[in-house]
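One letter stands for each residue in the lines below.
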Amino acid sequence: MTYPITSALLGAPHVKAVRGYSDFGFSYVYVIFEDGTDLYWARSRVIEYLSKIQARLPDGVKTELGPDATGVGWVFQYALVDRGGRHSPDQLRSYQDWTMRYALQAVPGVAEVASIGGLCPPVSGDR
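This part covers the pattern of salt bridges. Charged atoms that come close allow side chains of opposite charge to pair. Tallying each qualifying case throughout the model produces four salt bridges. Between Arg45 and Glu48 there is a salt bridge, with its nearest N and O atoms 3.2 Å apart. Residue Arg45 and its partner Glu48 are located together in helix H2 (residues 39-53), separated by three residues, close to a single helical turn. The structure contains a network of salt bridges with shared partners spanning Arg45, Glu48 and Lys52.

Structural data, given as structure tokens:
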């Protein structure tokens, strides 16, 4: 489902880049607009383009826009560090992606938790 969405959004006006990430059961598509593009105008274009391709997506696929937050509004940054050496970087990243993220998103007023950096757990078949 990621490919038809990313390829359609590449044609939207003032789009600088489209990045799609797939995982089991969900997909994230990030649309980066040119500097100076009005946030709400850009969100309207994304909704418009998503509605155009809905029929091309598999049955049962639901699309929705994320919160209207950007990295510009970051107010807190943290790093998970295991000073005792008991956990690998992969384990720390898994903890971030599957535990910390959801706990932080449950806090009132938190619009988004954006994970950056670190090592990602290997995908089946990777070595």
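Let's shift gears to the environment of Tyr30. Mapped onto the fold, Tyr30 is located in strand E2 (residues 26-33). Under the relative-accessibility criterion, Tyr30 is labelled partly exposed at 39%. Between the alpha carbons of Tyr30 and Leu9 there is a distance of 9.6 Å; along the sequence they are 21 residues apart. Each residue touching Tyr30, except ones within four places of it in the same chain, is listed here: Ala17, Val18, Arg19 and Tyr21.

Where nonpolar side chains cluster on the molecular surface, the patch consists of Tyr21, Tyr28 and Tyr30 and spans about 320 Å² of accessible area. Within the secondary structure, Tyr28 is located in strand E2. The partly exposed category is assigned to Tyr28, whose relative accessible area is 37%.

Rules used throughout
Residues numbered from 1 in each chain as written. Predicted model: local features only at pLDDT ≥ 70, side-chain atom pairs only at ≥ 80, totals over all residues. Heavy atoms only, no water. Salt bridge = Lys/Arg side-chain N within 4 Å of Asp/Glu carboxyl O. Helix = DSSP H or I, 4+ residues; strand = E, 2+ residues; numbered from the N terminus. Buried < 20%, exposed > 50% of the residue type's maximum accessible area, 1.4 Å probe, protein only. Contact = heavy atoms within 4.5 Å. Patch = residues over 30% accessible without salt bridge, like charges linked within 9 Å, V, L, I, M, F, W, Y side chains within 5 Å. Areas by Shrake-Rupley, 256 points an atom, 1.4 Å probe, with all protein chains shown as cover.

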